[in-house]
Amino acid sequence: MTPQPGHLSTLVDGLQFPEAPRWRHGRLWFSDFFRERVFSVSLAGDLREEAQVPGHPSGLGWRPDGTLLVVSMHDRCLMARAPGGPADAASTPAPLQRLADLSAWVGGPCNDMVVDAQGRAYVGNFGFDLYAGETPRSTCLLRVDLDGSVHRAADDVMFPNGMALAPDGRTLILAETHAQRLSAFSVDKLGALSHRRVFADLPGVYPDGLCLDDEGAVWVADARGRCVLRVLDGQGVVQRIDTGERHAFACMLGGEDGCTLFVCAAPGIGALHARTQQGRIETTRVQVPSAGRS
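Please read all numbers here as calculations on a predicted model, not as lab measurements. (Residues numbered from 1 in each chain as written. Predicted model: local features only at pLDDT ≥ 70, side-chain atom pairs only at ≥ 80, totals over all residues. Heavy atoms only, no water.)

Another point: unusual backbone geometry. Even without glycine at this site, Glu36 takes up a positive phi of about 65 degrees. Tracing the chain through its elements places Glu36 in the loop between strand 3 (27–32) and strand 4 (37–41). Of note in this structure, Asp156 is not a glycine but carries a positive phi near 55 degrees. In this structure, Asp156 sits in strand 13 (residues 150–157). Judged by its relative accessible area of 51%, Asp156 falls in the exposed class. (Helix = DSSP H or I, 4+ residues; strand = E, 2+ residues; numbered from the N terminus. Buried < 20%, exposed > 50% of the residue type's maximum accessible area, 1.4 Å probe, protein only.)

Right, here's the structure in full:
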């Protein structure tokens, strides 16, 4: 079924908790972290297993040479696999190798990630143990360089989550989920972040996975609001697409023209919801195509 503007069509169902969607080479890649798998799917709906991550996969990305990077949430590390992989659904994915141990830097599980054009990875983390009921606290955003070294990219961020880089690579936009805002940073040639500012205050919204369009707007999932929002710098929310009975946890623009919006949706967070296997990838059409890196 071809998705229609404003109407969500189901591309894949029967998932546990889909997250971190990425459009690459004609397929949407995503993590299903309670299933401990990374999958990809075409617009025709054929699902393919791409990697196994016992520590629960989250953020995905690629270096310029095609190396796949995957965040392992509960191991609190960044995994990598050299270019290549399964050519079809019957192939067995090659194992991932640990690239960087992040455990000394974070106060909770790791989560989303964006990889820049040079191959540097910016990795977020909860900052606290959500599943143990700890009180939210600030944490740092990390950068993993090509040699595997780990650096603090930003401090005092609240649940750094979805991220995107502007097309010129000079601005990084970050969802601070528990601060209910999107923040923006300037990025220098070495990947250092500075000049932090508020891109949009979003009271009542818990921003999660996000992506950029060609007008500089951010599409972001509201993890508690059952919707995805289009947000403009300094203007706030300018468009809303409801996701019905399921919460939206991430979104990505892709498709042949960059105007298909993919939404990762599930009944809720946590293993109890995951066991229902009611997670979905849903799609709709939008007017402005994708831009930048997510």
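Picking up after the structure, the text goes on.
The subject of this paragraph is the sheet that holds strand 25 (residues 290–291). Pairing is antiparallel across the open sheet formed by five strands, whose spatial order is 21-20-19-18-25. Across the chains shown, the open sheet's two edge strands, defined by having one partner strand only, are strand 21 (236–242) and strand 25. Examined bridge by bridge, strand 20 (residues 227–232) and strand 21 share six bridges and lie antiparallel to one another. Across the sheet, Leu229 pairs through a bridge with Arg240, a residue of strand 21. (Pairing = 2+ DSSP bridges.)

Counted according to the given criterion, the structure contains eight aromatic pairs. Ring geometry for Trp29 versus Trp62: centroids 5.0 Å apart, planes at 90 degrees, classification edge-to-face. Of this pair, Trp29 sits in strand 3 while Trp62 is found in strand 6 (residues 57–62), placing the two residues 33 residues apart along the sequence. Residue Trp29 shares its accessibility class with Trp62, and that shared class is buried. Aromatic ring contacts, followed pair by pair, group Phe17, Phe33, Phe34 and Phe249 into a single cluster. Stacked on the ring of Tyr206, the Lys or Arg Arg224 has its end atom at 3.9 Å from the ring centre. (Phe/Tyr/Trp six-rings, centres within 6.5 Å; stacked < 30°, edge-to-face > 60°. Lys NZ or Arg CZ within 6 Å of the ring centre and 35° of its normal.)

Position of Glu176 among the secondary structure elements: in strand 15 (residues 171–176). For Glu176, a relative accessible area of 0% puts it in the buried group. In terms of polar contacts, Glu176 uses its side chain to reach the side chain of Arg181, at 3.0 Å. Setting aside residues no more than four positions away along its own chain, Glu176 makes contact with Asp156, Val157, Met158, Phe159, Arg181, Ser183, Arg196 and Pro207. (Polar contact = N/O pair within 3.5 Å; in protein donor to acceptor, adjacent residues only side chain to side chain. Contact = heavy atoms within 4.5 Å.)

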